Amino acid sequence: MIKITPILCRAGTMDNYAYLLTDEKTGVSAVLDPSETAPVVAECAAQNICPTYIFNTHHHFDHVEGNRELKEKYNARVVVGEGDVNIIPGADIGLADGQTFDLGDSRAQVIRADGHAAGHILWYFPDDKALFTGDVLFNLAIGGLFEGTPAQMWESLQKIKDLPDDTLFYPGHEYAVYGLGGLRGEAGQKYARKVLSRRERGLPAAPFSLGEEKLCNPYLACRDFSEFCQIINS
Ligand code: ZN
Ligand code: FE
């Protein structure tokens, strides 16, 4: 099992999340998407952790800018999607779609998810029922189509929808409050209450289960590709 600690980076501007992942049995740790160095170093110090790995979801600067300094400080190995090996600063290992990677005794599976950024990957820990979605899936939203087509994003979202409903997902940014206005019905109210109560306590809105997200995220809720195209163009 992994312990997951969200670390808010670029607070008040881009509101990125890095995540500190620790395999509880072996203590082996990784930092996922270190947007900047300082908050990650502070959390590692607080938990007395020296991460063995840096994991990235994609090459955008707000997900990798801490890579080089942290790699040097902790002598960490940088693990990325195969398409990002020559792009992401400090990258050592590239993983293809479906490949697995062991963090101590916890196994991650890589899911290729284009649409937002070419070569974007999701980090999925099936035994932990945890999914790190980077900038593909946010609470109540999806990432912009910067380096991909609607069809690629649609395909990536279908891969996410195929995972078990009780999977908890951890997004790359704190954007949940922006989606609250679009929530409808009982499931929507419940979702909104959960977001607000967590945010009032200074906690991330995440995690939500994919089951909850499928009901409330308009991009996951739409039934077919043409409906999806309509909402991304509206
Ligand atoms: Zn991005
Ligand atoms: Fe981002």
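Computed from a predicted model, the values in this text were never measured in an experiment.

## A closer look at the nonpolar core
Consideration 1: With 29 residues, the main nonpolar core has Leu 131, Leu 137, Leu 157, Ile 160 and Phe 228 as its most contacted residues.
Consideration 2: With four residues, the top contributor of residues to this core is helix 4 (residues 150-161).
Consideration 3: Setting aside residues no more than four positions away along its own chain, Leu 131 makes contact with Leu 122, Trp 123, Tyr 124, Ile 160, Leu 163, Thr 167, Leu 168, Phe 169, Tyr 170 and Leu 210.
Consideration 4: With 20 residues, the next largest nonpolar core counts Val 79, Leu 95, Ile 121 and Phe 125 among its residues.

## Observations concerning the coordination of the zinc ion (ligand 1)
Consideration 1: Surrounding the zinc ion (ligand 1) are the protein donor atoms His 58 (NE2), His 60 (ND1), His 116 (NE2) and Asp 135 (OD), which sit 2.2 to 2.3 Å from the metal.
Consideration 2: Seen from the zinc ion (ligand 1), its four donor atoms lie at angles of 83 to 172°, and the figure they make is irregular.
Consideration 3: Read in sequence order, the donor residues for the zinc ion (ligand 1) give the motif H-x1-H-x55-H-x18-D.
Consideration 4: Here the iron ion (ligand 2) and the zinc ion (ligand 1) are spaced 3.3 Å from one another, each receiving a donor from Asp 135. Residue His 116 is located in the loop between strand 8 (106-112) and strand 9 (121-125), and its partner Asp 135 is located in the loop between strand 10 (130-134) and strand 11 (137-138); the two are separated by 19 residues in the primary sequence.
Consideration 5: Assessed through its relative accessible area of 3%, His 116 is described here as buried.

## Description of the sheet that holds strand 10
Consideration 1: Taking strand neighbours across the sheet as the criterion, the six strands line up as 7-8-9-10-13-14 in an open arrangement whose pairing is mixed. In this open sheet, the two edge strands, each paired with only one partner strand, are strand 7 (100-103) and strand 14 (208-209).
Consideration 2: With two bridges connecting them, strand 13 (residues 168-171) and strand 14 associate as antiparallel partners. Across the sheet, residue Leu 168 finds its bridge partner in strand 14, namely Ser 209.

## Focus on the sheet that holds strand 4 (residues 53-55)
For sheets, the rule is that strands pair by backbone hydrogen bonds, running either parallel or antiparallel.
Consideration 1: The sheet built from six strands is open, its strands ordered 1-2-3-4-5-6 with mixed pairing. Pairing within the sheet leaves two strands with one partner each, and these edge strands are strand 1 (2-9) and strand 6 (91-95). Taken pair by pair, the neighbouring strands of this sheet meet at an average axis angle of 25°, ignoring direction.
Consideration 2: For strand 2 (residues 16-23) and strand 3 (residues 29-32), the ladder comprises four bridges, and the chain directions are antiparallel. Paired with Leu 21 across the strands is Ala 30, a residue of strand 3.
Consideration 3: Against the sheet, helix 1 (residues 38-46) engages strand 1, strand 2 and strand 3, with an angle of about 145° to strand 1.

Procedures and definitions
Residues numbered from 1 in each chain as written. Chains lettered and ligands numbered in written order. Predicted model: local features only at pLDDT ≥ 70, side-chain atom pairs only at ≥ 80, totals over all residues. Heavy atoms only, no water. Core = buried A, V, L, I, M, F, W, Y, C linked by side-chain atoms within 4.5 Å. Buried < 20%, exposed > 50% of the residue type's maximum accessible area, 1.4 Å probe, protein only. Helix = DSSP H or I, 4+ residues; strand = E, 2+ residues; numbered from the N terminus. Contact = heavy atoms within 4.5 Å. Donors = N, O, S within 2.8 Å, 3.2 Å for Na, K, Ca; no water. Tetrahedral: all angles 85-135°; square planar, octahedral: opposite > 155°, others 65-115°. Pairing = 2+ DSSP bridges. Axes fitted to C-alpha atoms, helices over the stretch in contact; angles between N-to-C directions.

By themselves, these figures tell us nothing about what the structure is for.
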